[in-house]
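Structural overview for review
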Amino acid sequence: MLQNIPWQEVIVGACVVAAALFLARRWIFPGKKAASCGGCSGCAKTTDSSCSTPSEKTPN
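None of the values given here were measured: they were computed from a predicted structure.

Another point: the overall build of the chain. Within the chain, the regular secondary structure consists of one helix and zero strands. The buried share among the 60 residues of the chain stands at 3%. Element-wise, carbon and sulfur atoms account for 63% of the exposed surface of the chain, whose accessible area totals about 5,700 Å².

Written as structure tokens, this is what we have:
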């Protein structure tokens, strides 16, 4: 019975379903940013030249 199962197709199908669920979850339920993110001192991807004050610049 186990010899008749197309294992390659089962594995590829499982990968496709997992990828679809992953993308659907990211599109439908986008993650919330932490309160500390943003500006020059958070986790936002900004350059140092966009910071308004030099004290907000974080060392890399």
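Now that the structure is up, let's keep going.
Here we take up a nonpolar patch on the surface. Together, Phe22, Leu23, Trp27, Ile28 and Phe29 make up an exposed nonpolar region whose accessible area comes to about 630 Å². Topologically, Phe29 is positioned in the segment after helix 1 (7-28).

Analysis parameters
Residues numbered from 1 in each chain as written. Predicted model: local features only at pLDDT ≥ 70, side-chain atom pairs only at ≥ 80, totals over all residues. Heavy atoms only, no water. Helix = DSSP H or I, 4+ residues; strand = E, 2+ residues; numbered from the N terminus. Buried < 20%, exposed > 50% of the residue type's maximum accessible area, 1.4 Å probe, protein only. Areas by Shrake-Rupley, 256 points an atom, 1.4 Å probe, with all protein chains shown as cover. Patch = residues over 30% accessible without salt bridge, like charges linked within 9 Å, V, L, I, M, F, W, Y side chains within 5 Å. Salt bridge = Lys/Arg side-chain N within 4 Å of Asp/Glu carboxyl O.

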